[in-house]
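Residues per chain are reported as follows:
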Amino acid sequence: MRSEDALANIDVAVLAGGLGTRIRGVLGDTPKVLAPIAGRAFLGHLLDYLSTYGSRRVVLCLGHLADRVTAWLARGDSAGTIDVVCQIEPRPLGTAGALGYVRKELRSSTILVVNGDTFLDADLRAFIASHRLSGAEASVLCVTVEDSSRFVRVEIGPDSRIRRFIDKVPGAGTINAGVYLFSAAFLDRFIAAGAVSLERDVLETLPPGTLNAHIAKARFLDIGTPESLATAASVIAGRES
């Protein structure tokens, strides 16, 4: 599998319907996924990244300020090689609920799910290979950060399976980076169960050892707070240099 073909047969769902309350004072009526970073919208950087791995179909799970995102796409600012499908939830449905709402648009047997307010320049070909070799129905892309106090830390066994999730522990640690590979069957089960939060209602309730973990050596960016947004340009620029 070549890097440029890694996502050729994998649909991507981008979770981008959040209210962005922590960063509203900085962005105003601009949705997080369109936050200006290094001269362009964050979504542009994300689509370019997916394009380098051969992504052909991206489904945007939109909600709050969705009209701003659709207008941005209409201007042709996104990677032209990707078919971008917009689905706007009628009310806040949560991360798992949003995936249920767009399920009909996800056609591949394996689906890549990405949080619309995080970015890391991980090798997706390696992540996909890890997922396939593991035999697991679901894999979590993880990264090590210097301060995990804002994130969910993961405890990983020697078999590369997640033993448990630990919420907001200070200090260096390995965290859930908000990028997942799910089989269609796994996706359908938690949708049928009526899950609302992908993290709380699905991932953190699974028996230990269910989820495969792939730890990437990558720069990690979370634009969920004013402080992290302020550092975003240097992360993006570092990737593009």
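Looking up the protein chain in an unreviewed UniProt entry gives the name Nucleotidyl transferase, with the organism given as Azospirillum thiophilum.

### Describing the pattern of salt bridges
Under the counting rule described, the total for this entry stands at 15 salt bridges. A salt bridge links Asp 83 to Arg 57; its shortest N-O distance comes to 3.7 Å. One end of the pair, Asp 83, is in strand β5 (residues 83-88); the other, Arg 57, is in strand β4 (residues 57-62), with 26 residues separating them in the sequence. A salt bridge links Asp 188 to Arg 103, with the nearest nitrogen and oxygen atoms 2.6 Å apart. Taken together, the positions of Asp 188 in helix α6 (residues 184-192) and Arg 103 in the loop between α4 (94-101) and β6 (110-115) put the pair 85 residues apart, joining distant regions of the chain. When salt bridges with common partners are traced through the structure, they connect Asp 11, Arg 57, Asp 83 and Glu 105 into a single cluster.

### Some thoughts on the packing of aromatic side chains
Under the definition given, this model contains eight aromatic pairs. Ring geometry for Phe 42 versus Phe 119: centroids 6.5 Å apart, planes at 85°, classification edge-to-face. Residue Phe 42 is found in helix α2 (residues 42-52), and its partner Phe 119 is found in strand β7 (residues 118-120); the two are separated by 77 residues along the sequence. Each of the two residues, Phe 42 as well as Phe 119, counts as buried. Relative to Phe 119, the ring of Tyr 49 has its centre 5.1 Å away and its plane inclined at 70°; by these criteria the two rings are edge-to-face. Of this pair, Tyr 49 sits in helix α2 while Phe 119 is found in strand β7, placing the two residues 70 residues apart along the sequence.

### Some words on the nonpolar core
In terms of nonpolar packing, the biggest core is built from 51 residues, with Leu 7, Leu 43, Leu 50 and Leu 112 touching the most fellow members. For this core, the leading source of residues is α2, giving six residues. Setting aside anything within four residues of it in sequence, one finds Leu 50 in contact with Leu 7, Val 12, Ser 55, Val 58, Ile 82, Leu 112 and Leu 124.

Calculation notes
- Residues numbered from 1 in each chain as written.
- Predicted model: local features only at pLDDT ≥ 70, side-chain atom pairs only at ≥ 80, totals over all residues.
- Heavy atoms only, no water.
- Salt bridge = Lys/Arg side-chain N within 4 Å of Asp/Glu carboxyl O.
- Helix = DSSP H or I, 4+ residues; strand = E, 2+ residues; numbered from the N terminus.
- Phe/Tyr/Trp six-rings, centres within 6.5 Å; stacked < 30°, edge-to-face > 60°.
- Buried < 20%, exposed > 50% of the residue type's maximum accessible area, 1.4 Å probe, protein only.
- Core = buried A, V, L, I, M, F, W, Y, C linked by side-chain atoms within 4.5 Å.
- Contact = heavy atoms within 4.5 Å.

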